[in-house]
Structures are given as C-alpha cells and as structure tokens.
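# Observations on the three-dimensional arrangement
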Amino acid sequence: MQRKDWKFDYTAARLAEAARTRIAHHEERLAFWRGKREEVLAKIRSEGLEIDEKIVMAYPTPKAQDWSRANRVTVRDDLREHLDECLSKLRAHTELLRDYQGWLAMLSANPEARLPLDVEDWQFFFGEA
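Description of the structure in this document. (Residues numbered from 1 in each chain as written. Predicted model: local features only at pLDDT ≥ 70, side-chain atom pairs only at ≥ 80, totals over all residues. Heavy atoms only, no water.)

### Examining the overall build of the chain
For the chain, the count of helices and strands is three helices and four strands. Secondary structure elements in the chain, listed N-terminal to C-terminal, are β-α-β-β-α-β-α. Among the 129 residues that make up the chain, the fraction classed as buried is 26%. Nonlocal contacts in the chain, meaning residues at least 24 apart in sequence, comprise 80% of its contacts between residues at least 6 apart. Total accessible area on the chain is roughly 9500 Å²; 53% of this is exposed by carbon and sulfur atoms. (Helix = DSSP H or I, 4+ residues; strand = E, 2+ residues; numbered from the N terminus. Buried < 20%, exposed > 50% of the residue type's maximum accessible area, 1.4 Å probe, protein only. Contact = heavy atoms within 4.5 Å. Areas by Shrake-Rupley, 256 points an atom, 1.4 Å probe, with all protein chains shown as cover.)

Shown next as structure tokens:
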C-alpha cells in the first residue's frame with residue numbers, strides 16, 4: 001500500500017474544530033491585508049502619482065496644441081505592485097474562508113460522522129496554513 005493511498009478516520013467534530021482554527025487564521029489574514037491595502041491606497045493618494053508632461057508642450061508650436069496627449073498620469077510601479085499583491089491575498093483568503101465556513105457548517109451538522117482522510121484532506125484541515 002502506497003502512503004498516498006492511506007486513509008485515516010476522523011470524526012466530523014474534530015474536523016469542524018480544525019475548520020474553526022482555519023477560519024480564525026484566514027479572518028486574521030484578511031484583516032491584515034485589508035489594513036495593508038488601506039496603507040497602499042493612502043500612499044498612492046499622497047505620493048504615488050507620477051505626471052509625465054511632454055517637452056513639446058513648453059514650446060509655441062502646432063504640436064503644443066495637442067492637449068489630448070500632453071500629459072500622462074501613472075501610479076508608481078512599486079505601489080501598483082503592492083496594491084496588486086494586497087488584492088491577490090484578499091481574494092485568496094476570502095475564497096479559503098468561504099471554503100472553511102462551508103465545511104464547518106456541514107461538519108457541525110454531523111458531529112458523530114466518521115470520515116476517512118487521505119494526505120491531501122489532512123493537509124487541508126491540519127497542515128501548515
């Protein structure tokens with residue numbers, strides 16, 4: 001018998017407790033990343049915008065009348081990357097939180113049930129977060 005095929009029985013009550021632990025972890029991470037997102041947004045608002053004005057706009061030429069392409073406003077790349085990271089983490093922790101909340105509801109409704117877990121199931125409930 002291969003290790004990956006091993007099964008171990010756990011009660012639904014024990015798995016529900018593991019799901020509660022995971023829910024608490026993901027709620028904590030969501031709060032952390034919400035705070036980080038607010039920090040990044042505040043930094044973008046205060047110092048993250050860059051305005052690039054075309055040099056030609058300073059000279060009296062027909063091209064200087066091209067107001068539609070005179071300026072380009074961008075968010076600093078480092079701050080945009082930080083914001084993307086925050087949003088990615090918020091998305092991931094929100095999805096996992098929903099998964100564990102669903103499992104908690106089902107397991108709590110059937111606390112005496114015994115369920116065979118393989119290694120991937122065990123990792124989901126008890127592995128390192």
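### Quick notes on helix α2 (residues 77-109)
The end-to-end C-alpha separation of α2 is 48 Å, in line with the 48 Å expected for 33 residues at 1.5 Å each. Three or more residues of α2 are buried, namely L79, L83, C86, L90, H93, L97, Y100, L104 and L107. (Expected span 1.5 Å × (residues − 1).)

### Quick word on the nonpolar core
In terms of nonpolar packing, the biggest core is built from 22 residues, with L15, L107 and F125 touching the most fellow members. Listing elements by their share of this core, those giving two or more residues are α1 (12-48) and α2. Apart from the residues lying within four places of it in its own chain, the contact partners of L15 are Y10, L107, L115, L117, F125 and F126. (Core = buried A, V, L, I, M, F, W, Y, C linked by side-chain atoms within 4.5 Å.)

### Let's talk about the packing of aromatic side chains
Scanning the entire structure with this criterion turns up eight aromatic pairs. Consider the rings of F32 and W33, whose centres lie 5.1 Å apart with planes at 85°: the pair is edge-to-face. Here F32 falls in the partly exposed class, since its relative accessible area comes to 36%. According to the relative accessible area criterion, W33 is buried, its value standing at 10%. (Phe/Tyr/Trp six-rings, centres within 6.5 Å; stacked < 30°, edge-to-face > 60°.)

### Here's the deal with a nonpolar patch on the surface
Taken together, L49, I51 and V73 make up a surface patch of nonpolar side chains, about 320 Å² in accessible area. As for its placement among the helices and strands, V73 is situated in strand β3 (residues 71-75). (Patch = residues over 30% accessible without salt bridge, like charges linked within 9 Å, V, L, I, M, F, W, Y side chains within 5 Å. Salt bridge = Lys/Arg side-chain N within 4 Å of Asp/Glu carboxyl O.)

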